[in-house]
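# Report on the structure
Read off the chains here:
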Amino acid sequence: MEKVRSEIMPGVWLTALRTDKFKTACLSVNLLTQLCRENASQNALIPFVLRRGTAKHPDMAAVSARLDELYGAAVEPIVRRVGEIQCVGFYSSFAEDALLPRGESVLSAAAEMLAELLLRPNTRGGLFLPDYVASERDKLAELIRSRINDRQGYALQRCIEEMCCYENYAVGRYGDEKNVETIRYDRLTKHYHTLLAQSPIEFFYCGAAEADRVALALIKAFLTLPRGEIDCDIGTDVRMNAVEDSPRVTVEEKSISQGKLVLGFRLGECMDDPDPAPLRVFNAAYGGGVTSKLFANVREKLSLCYYANSMLETHKGLLLVSSGIDAADYDAARDEILAQLDALRRGELSDTELTAAKNALASDLRAVEDAQGELEGYWLAAAVDGDDLAPLELAALAEDVTKEQAVAVARSVVCDEIYFLKGDGTEDEDGE
Amino acid sequence: MENKRFDNIGENLYTAKLPDGLTLNVAAKPGYATSFAAFAANYGGAMRRFSTGGGWVDTPAGVAHFLEHKMFDMPDGDNALNVLSANGADPNAYTSAGMTCYYFESTRDFYDNLEMLLRFVSTPYFTAESVKKEQGIIGQEISMTEDSPGFAVYINLMKLLYAAHPIRDAVAGTQQSIARITPEILYSCHKVFYNPSNMALCAAGDIDPEKVRDIALRVLPAEPGPVPKADFGPPEGELPLEKRSETAMELSAPQFLIGAKVPPAPGGDALLRQKLIGQLALRLLCGTSSDFYTRLYAQGLLTRDFDYEIDYAAGTATVVIGGESARPDQALAAFSDAVARAARDGLKKADFDRAVRASYGARLRGLEDFDSLCSSLADGVFGGYCSLDAFAMLQRVTPEECAAYIRDYLGPDRLALSVITPRKE
């Protein structure tokens, strides 16, 4: 897969991967901005309001009908955070020209549609339609409230909020409900113009077209993109140590039957000069998959939970262990999760375990090259970090990680927050 | 092996029926690092009463799913999940009402992993002790599932629609039903359902189809077995058992599903065609560009969390439409209006053509996801058609067929509504 990265307009970069492998091409646009409580909700709301209608296709029915015509092209708002950078924009995918029944070409039309959505919204008197803003605002508030519907995701986010309560990272990608409620259409329009003019912009393309052709299509479509003084001074603060001497503990009670236990850790001093390969090998060995210590011991050997896994947030320097347990097993599960980390710190990592961890990791990384959505996320994160390491290169580096390097990461990690979402056992088994 | 090229969509499929009765489908995917294999049994949670020619056998709810968990235990004490993972593969399994599927994805040693997959799925090994332990693990899984609003809204809908069919019950069973499972039950169900004649092996990747076949020939039992018959109870009527249910859970906003029973086409191309007609009909009625969806979205009665599908399983076909809504009953009324309009006025040619184009693009996207590709190939094997024929067939479906589908199956009497509301503080 040939990768070309270039600045196609001031503060606007395109990462283009050329490949004939896929049936559809993907094209995304992301505005990058500093994550903060005041603006996060406004930023998050913008792509949803823009998706409601453009000057040319004034409502959702018209936009969707146009996308249907382009052989079911998809253009969806996308809101993420990479460390403490909030990324808002659109992700689009559309059929590769070669596979269309009538020899049509969709790339230029898709770039046009993306530009139309981002730059030429349906407005009245130069302002967003109050109706669209109010309705998307209510939906965003509900989206934030709805995180409780996914018990596991809710517990993870709550652990981060508690652990990082003094940091911007506590702010979720959509911001918070209170700030959403204060959004008004006039101020939002103004904010949109600022965001558009000042944000660094990342385009990503993956498909059969040459990078030059993609750049040309984008430059043509985005000719009227306003560019002011670009805010390049954005980044993530990394806290190395725990906030208090011993981990803080939060217990929250909800009407659910299975408890969710999440342990939050700082990656610690290894974030001084983070080395991605050992970090990932450590995570794979500790709780990354079914060969990990957490799976083998907390789940399989002791049957303490239905799942137990760990995940890294390398931009912010966090490790999170997530598990689903019975409330009665709280102490035992917590102790075992910490005991497995201690075992790693003592160097208890067999060759079999290390090899299995590396194999699983390398396989995951090679598979990234086979899925456009994964590639898009991977290269967006790399762009934010200023990294240029391809998934396959990282996989190769992981092969050479030694036991000592993985153990060193385990020793650097510090537990900072223990969060427990406790079931009160009231959720009944309906219909039984 | 038979080679079927689909040049219009750039696909190349190899198929074979082996002497032991196994059906093989291999999609060639040049340039991919990832390879995928799914080994599926035509056996799901709804197949609780069955026969292989002798008398009828009854089993507790949850056996198919329990069996899926226990298959990973191997006689040498190892666990197949660990062995495959240690070899760099990403293995998993699922059990639905109509199918049990074991699969893995790997970027290396595909043939070793495939051999391992076929070996462990065809080697039963259960002990009283391991069954007891699994009852604890699955018990946890059942309570986790019961906490999920998405599961509750779905299973409640099935209980509204179906009077007696076992599809009304959770695939995993209940704490009580799984307590009755013994090693003997597992051995006998494995013997009945996991014989190659009742299974399909579907693979995709930059792999050699002949080698896949050779491994299957070498590893699997050589003798074909009888294809079991399942009894799903008395025939279901056209109408739902009940029209509406409502339950409260820890939740932020109401979730709802509208459902209807459809008499499934018996199989072969007629079945594929019915699936395509149904999907187009639903796209026209409630797809993202439909009048129903865009109007209710603008009114705040629907959100982005909205979807529709037709589930085919265990001799049933069920239209399932829904997501989140502050007013599910208004959503149902609006849907009924859309149905009535389409039934009265027919479908506009321009709308229909656009739906066909959109469906074509959406299907292309599905070919990139090996998991969904292989599971639709397996559905095709058990349903007697080739899922890749959908692209050509799509161009031949008519607006009249879609209008008839809407008129015949989605009238107001046939719809049921399942609602989960937020628990009051």
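Everything numeric in this text was worked out from a predicted model, so none of it was measured. (Residues numbered from 1 in each chain as written. Chains lettered and ligands numbered in written order. Predicted model: local features only at pLDDT ≥ 70, side-chain atom pairs only at ≥ 80, totals over all residues.)

## Comments concerning the overall build of chain A
Scanning chain A from N- to C-terminus turns up 15 helices and 13 strands. At 23 Å, chain A has a C-alpha radius of gyration in line with the 22 Å of a compact globule built from 432 residues. Seen through its principal axes, chain A has C-alpha atoms that stretch 60 × 50 × 45 Å. Counting over 432 residues, chain A shows a buried share of 52%. A fraction of 81% describes how many contacts in chain A between residues 6 or more apart in sequence connect residues 24 or more apart. (Helix = DSSP H or I, 4+ residues; strand = E, 2+ residues; numbered from the N terminus. Rg over C-alpha atoms; globule rule 2.2 N^0.38 Å. Buried ≥ 20, exposed ≤ 12 C-beta atoms within 10 Å, placed from the backbone. Contact = placed C-beta atoms within 7 Å.)

## Considerations on the overall build of chain B
Regarding its fold elements, chain B presents 15 helices and 15 strands. Taken over the C-alpha trace, chain B has a radius of gyration of 22 Å; the compact-globule value for 425 residues is 22 Å, and the two agree within 12%. Its C-alpha atoms give chain B principal-axis dimensions of roughly 60 × 55 × 40 Å. Within chain B, buried positions represent 54% of all 425 residues. A fraction of 82% describes how many contacts in chain B between residues 6 or more apart in sequence connect residues 24 or more apart.

## Remarks on the domain arrangement of chain B
All names here are of chain B. Splitting chain B by domain gives domain 1 (2–230) and domain 2 (244–422). Of note, the centres of domain 1 and domain 2, computed from C-alpha atoms alone, are 27 Å apart. Of the residues lining the interface, 37 residues belong to domain 1; the matching set on domain 2 comes to 30 residues. Mapped onto the side of domain 1 that touches domain 2, the elements with two or more residues apiece are β2 (11–17), β3 (23–28), β4 (35–41), β8 (100–106), α5 (149–161) and β9 (199–205). Residue classes in the side of domain 1 that touches domain 2 are distributed as 25 nonpolar, 10 polar and two charged. (Domains from an automatic or database assignment. Nonpolar A, V, L, I, M, F, W, Y, C, P; charged D, E, K, R; others polar.)

## Section: the pairing of β3 of chain B
All names here are of chain B. Along β3, five of the six residues are buried, which leaves the element largely enclosed by surrounding structure. Here β2 runs beside β3; their pairing, made up of five bridges, is antiparallel. From the neighbouring strand, K17 faces β3, where its bridge partner is T23. Adjacent in sequence and paired antiparallel, β2 and β3 are bridged by five residues, among which G21 carries a positive phi angle near 100°. (Pairing = 2+ DSSP bridges.)

## Comments concerning the interface of chain A and chain B
Each partner contributes to the interface: chain A provides 53 residues, whereas chain B provides 58 residues. Elements supplying a minimum of two residues to the side of chain A that touches chain B: α2 (60–69), β5 (85–95), α4 (130–145), β11 (305–313) and α12 (351–368) of chain A. Top contributing element to the side of chain A that touches chain B by residue count: α12 of chain A, with eight residues. Class assignment for the residues of the side of chain A that touches chain B results in 17 nonpolar, 18 polar and 18 charged.

## Section: the packing of helix α9 (residues 269–286) of chain B against helix α15 (residues 399–409) of chain B
Residues and elements named next belong to chain B. Where α9 meets α15, the axes come as close as 9 Å, and the angle between the chain directions of the two elements is 80°. Taken together, the axes of α9 and α15 are roughly perpendicular relative to one another. Side by side, α9 and α15 meet where I277, G278, L280, A281, L284 and L285 of the first sit next to E401, C402, Y405 and I406 of the second. Across the contact of α9 with α15, the residue classes tally to eight nonpolar, one polar and one charged. (Axes fitted to C-alpha atoms, helices over the stretch in contact; angles between N-to-C directions. Parallel < 35°, antiparallel > 145°, perpendicular 65-115°, else oblique.)

## Structural notes on the environment of A128 of chain B
Residue and element names in this part refer to chain B. By the element assignment, A128 lies in helix α4 (residues 128–146). Classification of A128 by C-beta neighbours within 10 Å gives exposed; the count is 10. Taking the C-alpha atoms as reference points, A128 and P183, separated by 55 residues in sequence, lie 6.1 Å from one another.

## Points about unusual backbone geometry
Positive phi, close to 50°, is recorded for Y71 of chain A, a residue that is not glycine. Tracing the sequence through the fold places Y71 of chain A in the loop between α2 and β4 (74–82). The phi angle at A314 of chain B is positive, at roughly 45°, despite the residue not being glycine. Topologically, A314 of chain B is positioned in the loop between β13 (306–313) and β14 (316–324).

## Some thoughts on the domain arrangement of chain A
All names here are of chain A. In terms of domain boundaries, chain A breaks down into domain 1 (2–221) and domain 2 (248–423). With centres defined by C-alpha atoms, the gap from domain 1 to domain 2 works out at 30 Å. Listed by partner, the interface residues are 28 residues for domain 1 and 24 residues for domain 2. Within the residue set of the side of domain 1 that touches domain 2, elements represented by two or more residues are β2 (12–18), β3 (24–34), β5, α5 (151–163) and β8 (201–207). With 10 residues, α5 is the largest single contributor of residues to the side of domain 1 that touches domain 2. In terms of residue class, the side of domain 1 that touches domain 2 is made up of 18 nonpolar, five polar and five charged.

## Describing the sheet that holds β4 of chain B
Residues and elements named next belong to chain B. Across the sheet, seven strands lie side by side as β1-β2-β3-β9-β4-β8-β7; this open sheet has mixed pairing. Strands with a single pairing partner mark the edges of an open sheet, and in this sheet they are β1 (2–6) and β7 (90–95). Neighbour-to-neighbour, the strand axes of the sheet open up by a mean angle of 15°, direction not taken into account.

## Points about the confidence of the model for chain B
Looking at chain B, pLDDT values average 95 and 100% of them are 70 or higher. Quick note on the complex model: pTM equals 0.88, ipTM equals 0.85. (pLDDT = per-residue confidence, 0-100.)

## Structural notes on the pairing of strand β13 (residues 414–423) of chain A
All names here are of chain A. When you tally the buried positions in β13, you get eight out of 10 residues, the bulk of the element. Pairing of strand β9 (residues 248–254) with β13, which is carried by seven bridges, proceeds in the parallel orientation. Among the inter-strand pairings, K254 is bridged to a residue of β13, identified as G423. For strand β10 (residues 259–266) and β13, the ladder comprises seven bridges, and the chain directions are antiparallel. When the bridges of β13 are listed, L263 appears paired with I418.

## Points about the environment of Q299 of chain B
Locating Q299 of chain B in the fold gives a position in the loop between α10 (291–298) and β13. In this structure, the C-alpha to C-alpha distance between Q299 of chain B and N156 of chain B, residues 143 residues apart in sequence, is 27 Å.

## Focus on α5 of chain A
Residue and element names in this part refer to chain A. With 13 residues, α5 extends 18 Å between its outermost C-alpha atoms, agreeing within 8% with the 18 Å of an ideal straight helix rising 1.5 Å per residue. Of the positions making up α5, those classed as buried are R151, A155, L156, R158, C159, I160, E162 and M163. Buried residues along α5 sit in contact with β9, β10, β12 (318–325) and β13. (Expected span 1.5 Å × (residues − 1).)

## Quick notes on the nonpolar core
By size, the foremost hydrophobic cluster in this structure holds 278 residues, and its most contacted members are L114 of chain A together with C374 of chain B. Among the elements that make up this core, the one with the highest residue count is α9 of chain B (nine residues). Those residues within four positions of C374 of chain B in sequence are excluded, and the remaining contacts are F36, A38, Y103, C202, A203 and A204 of chain B. (Core = buried A, V, L, I, M, F, W, Y, C linked by C-beta atoms within 7 Å.)

## Notes on the environment of Y307 of chain A
Residues and elements named next belong to chain A. Along the chain, Y307 falls in strand β11. Exposure remark for Y307: the 17 C-beta atoms within 10 Å place this residue in the partly exposed category. Taking the C-alpha atoms as reference points, Y307 and V290, 17 residues apart in sequence, are found 9.8 Å from one another. Residues within four places of Y307 in sequence aside, it is in contact with R299, S323 and G324.

## Regarding α15 of chain B
Residues and elements named next belong to chain B. Residues of α15 that are buried: P399, C402, A403, Y405, I406 and Y409. Looking straight down α15, one finds its buried side chains confined to an arc of 165°; they lie on one side. Where the residues of α15 are buried, they touch β12 (255–262), α9, β14, α11 (328–345) and α12 (349–368). (Arc of directions from axis to C-beta.)

## Digging into the sheet that holds β8 of chain A
All names here are of chain A. Pairing is mixed in the open sheet, where six strands are placed in the order β1-β2-β8-β3-β5-β4. Of all the strands in the sheet, just β1 (2–9) and β4 have a single pairing partner and so form its edges. Here the average twist between neighbouring strands, direction ignored, is 20°. Relative to β5, β3 is paired through 11 bridges, and the arrangement is antiparallel. Across the sheet, residue L27 finds its bridge partner in β5, namely S92. Its contacts with the sheet place helix α13 (residues 372–385) against β2, β3, β4, β5 and β8, and it is angled at close to 145° to β8.

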